[in-house]
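Fold and contact review
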Amino acid sequence: MMSRILNTEVVVPVIERLVKKACCELNDNVMEAFRSACEQEESVLGKETIQILIENGEYAKREQMACCHDTGAAVVIMEIGQNVAWEGKPLKEQVNEGVRQGYEKGNLRKSMVADPLERVNTNDNTPAILHTEIVEGDTVTITVMPKGGGSENMGAFKTLLPGQGIQGVKDFVLEVVKRVGGNPCPPYIIGIGVGGTMDKCAVMAKKALIRPIGKRNAKPLYAELEKEILDAVNNTGIGPLGMGGRITALDVHIDYYPCHITALPVAVNFQCNAARQATETI
Amino acid sequence: MELTLPLTKEQVKILKVGDVAYLTGYVYTCRDAAHKKIQEALERGEKSPVDWQDQLVYYAGPCPAKPGKVFGSNGPTTAARMDPFVEMMFQQGMIAMLGKGDRAEYVADLCKQYGGVSFLGIGGASAINADRVKSVEIVAYGELGTESIKKLYFDRYRVIVGIDTEGNVLQQQEVPKYKR
């Protein structure tokens, strides 16, 4: 198999475009989930809230403005075919250049501080939170997921005892959901990682948020658990923006990975109602 | 209901949790970093750069405006992060806050004690709020960028009363109704 040679500069305009698109346009899958949630919602205030989110989503797309003011940390997920050979400047620099141009030209908020303790804004929303994975083939698939602080801050991780099993996972997720209430901007999506190590588990929870709303895990055990957790979350009464109602979560997505005999790691990552993502393949 | 800013103690007293109100008048944005700077200034014996008497504090960090527009996407940020500063701001004269999400129990007590309210906006619905802001002026801490203190003129910005002057909390009343 011949290598496909790509100059790293090809990712700059792609990432710029994806940043702007993701921040300004909620995709049809999310907008459709809002409409269905609006029909099901019983609380008057909750229904009005979802109605406003729908109007806002339509307005943001039409006007090409950020649907949410918190245009997030730029999470960039790259699936790089193993037959791709790179030339040019370091890939990481080019990814950050794409992020820089997207946030600047898109009039998007710059929300990154250079040092978590010194807290000085980098003023261009770099660096990206970059995840790369080597996959089969000779293409590069890039997903940009602007991740707002309100929902990201409510995530949690815990290593359960292996014997706690399915019930332990359910209990932990529900405990987190009840504790954080309306703060992750419901109606949200919950990404759950089960297994792996601490790092692997957290990344799975994040990547699970990319899966379209309504799509279940291929393995029946997890598909069933997703449905059970979704029902339980929507029975908490937290509702849209935490003001009470039937719809707290639009969906629950679980991904799993083998893990050590001693461990049952569980990571919970929330994606707020501004469930933004955009993907392109080079 | 329509409310004109600045609010008076008498006006806020009649507000009840769950009331939907449209705010018109001047407000100030102030969030994490600016609250911390005010606290540090007060600790040094200096004055706050803004007179908070009867003012509404909007917990918000907006997007830049598009060329030709007055203001960009803006919306309430998580109010709970500002909970530790609420008493300081009430002592400075603040009368109302605008944010999103749940707040600590003691914030309800402070609203009762100082006769203030906490309003809720819709987190995530920030594009449609851009047109609700008719003027903007950076009044302090410009170096903080999006987190600077900005004086905005609201034209019918929609809010919901989250905590009233009796210390009632909307979420505590509403969530149990839908719990199964």
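Residues numbered from 1 in each chain as written. Chains lettered and ligands numbered in written order. Predicted model: local features only at pLDDT ≥ 70, side-chain atom pairs only at ≥ 80, totals over all residues. Heavy atoms only, no water.

Structural notes on the overall build of chain A
A count of helical and extended segments in chain A gives 8 helices and 10 strands. Taken against the 2.2 N^0.38 rule, which gives 19 Å for 282 residues, the C-alpha radius of gyration of chain A at 19 Å falls within 12% of a compact globule. Its C-alpha atoms put chain A at 55 × 50 × 40 Å along the principal axes. Split into buried and exposed, the 282 residues of chain A put 57% on the buried side. The contacts of chain A with a sequence gap of at least 6 include a subset with a gap of at least 24, amounting to 80%. Taken as a whole, chain A presents about 11,900 Å² of accessible surface, with 53% of it coming from carbon and sulfur. (Helix = DSSP H or I, 4+ residues; strand = E, 2+ residues; numbered from the N terminus. Rg over C-alpha atoms; globule rule 2.2 N^0.38 Å. Buried < 20%, exposed > 50% of the residue type's maximum accessible area, 1.4 Å probe, protein only. Contact = heavy atoms within 4.5 Å. Areas by Shrake-Rupley, 256 points an atom, 1.4 Å probe, with all protein chains shown as cover.)

What to know about the sheet that holds strand β5 (residues 140–147) of chain A
Residues and elements named next belong to chain A. A sheet is described by the order of its strands in space; here 4 strands give the open sequence β4-β2-β5-β10, paired in mixed fashion. Both edges of this open sheet fall to β4 (129–135) and β10 (278–281), since each of them pairs with a single strand only. The mean angle between the axes of side-by-side strands here comes to 15°, regardless of whether they run parallel or antiparallel. Seen against the sheet, helix α1 (residues 11–24) touches β2 (73–81), β5 and β10 and runs at an angle of roughly 40° to β5. (Pairing = 2+ DSSP bridges. Axes fitted to C-alpha atoms, helices over the stretch in contact; angles between N-to-C directions.)

Focus: α1(A)
Residues and elements named next belong to chain A. Over its 14 residues, α1 runs 20 Å from end to end, which matches the ideal 20 Å to within 8%, given 1.5 Å per residue. The buried count for α1 comes to 10 of 14 residues, which makes it a mostly enclosed element. Against the buried residues of α1 lie α3 (44–63), β2, β3 (84–87), α4 (91–105), β5 and β10. (Expected span 1.5 Å × (residues − 1).)

Considerations on the side chain of Asn74(B)
Take Asn74(B): it is sitting in the loop between β3 (56–58) and α3 (86–91). Once you skip the residues sitting within four places of it in the chain, Asn74(B) turns out to touch His69(A), Tyr58(B), Pro62(B), Ala125(B), Ser126(B), Asn129(B), Ala130(B), Val133(B) and Tyr157(B).

With respect to the packing of helix α2 (residues 28–40) of chain A against α3(A)
All names here are of chain A. It is at 9 Å that the axes of α2 and α3 come closest, and there the two elements cross at 155°. Between α2 and α3, the crossing angle belongs to the class labelled roughly antiparallel. For α2 against α3, the interelement crossing comes out left-handed. Residue-level contacts link Met31, Phe34, Arg35, Ala37, Cys38 and Glu39 of α2 to Lys47, Ile50, Gln51, Leu53, Ile54, Gly57 and Glu58 of α3. (Parallel < 35°, antiparallel > 145°, perpendicular 65-115°, else oblique. Left-handed = near helix turned anticlockwise from the far one by under 90°.)

Considerations on the domain arrangement of chain A
Residue and element names in this part refer to chain A. Partitioning chain A into structural domains gives domain 1 (4–22 + 67–147) and domain 2 (150–274). Just the C-alpha atoms count here: the centres of domain 1 and domain 2 sit 26 Å apart. Contact residues are listed per partner, giving 10 residues for domain 1 and 12 residues for domain 2. Inspection of the domain 1/domain 2 interface yields 2 salt bridges. In this structure, the connection of domain 1 to domain 2 is made through 4 residue pairs in polar contact (both at pLDDT 80 or more). Looking at the side of domain 1 that touches domain 2, the elements with two or more residues in it are β2, β4 and β5. Counted by class, the side of domain 1 that touches domain 2 contains 5 nonpolar, 2 polar and 3 charged residues. (Domains from an automatic or database assignment. Salt bridge = Lys/Arg side-chain N within 4 Å of Asp/Glu carboxyl O. Polar contact = N/O pair within 3.5 Å; in protein donor to acceptor, adjacent residues only side chain to side chain. Nonpolar A, V, L, I, M, F, W, Y, C, P; charged D, E, K, R; others polar.)

Let's talk about the packing of aromatic side chains
Residue and element names in this part refer to chain B. Overall, the coordinates contain 8 aromatic pairs over all chains when judged by the stated rule. Residues Tyr28 and Trp52 carry aromatic rings whose centres are separated by 5.6 Å and whose planes lie at 70° to one another, so their mutual orientation is edge-to-face. A residue pair is termed long-range when its members are at least 10 positions apart, and Tyr28 in strand β2 (residues 20–29) and Trp52 in the loop between α2 (32–43) and β3 qualify at 24 residues. Judged by centre distance (4.3 Å) and plane angle (10°), the rings of Phe154 and Tyr157 are stacked. (Phe/Tyr/Trp six-rings, centres within 6.5 Å; stacked < 30°, edge-to-face > 60°.)

What to know about the interface of chain B and chain A
Facing 41 residues of chain B, the contacting portion of chain A comprises 42 residues. In this assembly, chain B packs against chain A so that about 3,300 Å² is buried in total across both faces, 57% of it on carbon and sulfur atoms. For the pair chain B and chain A, the number of links is 3 salt bridges. A salt bridge links Lys69(B) to Glu63(A), with the shortest nitrogen-to-oxygen separation between them at 3.6 Å. Applying the counting rule to chain B against chain A returns 19 residue pairs in polar contact (both at pLDDT 80 or more). Looking at the side of chain B that touches chain A, the elements with two or more residues in it are β7 (149–163) and α5 (170–178) of chain B. (Buried area = accessible area lost by both parts, 1.4 Å probe.)

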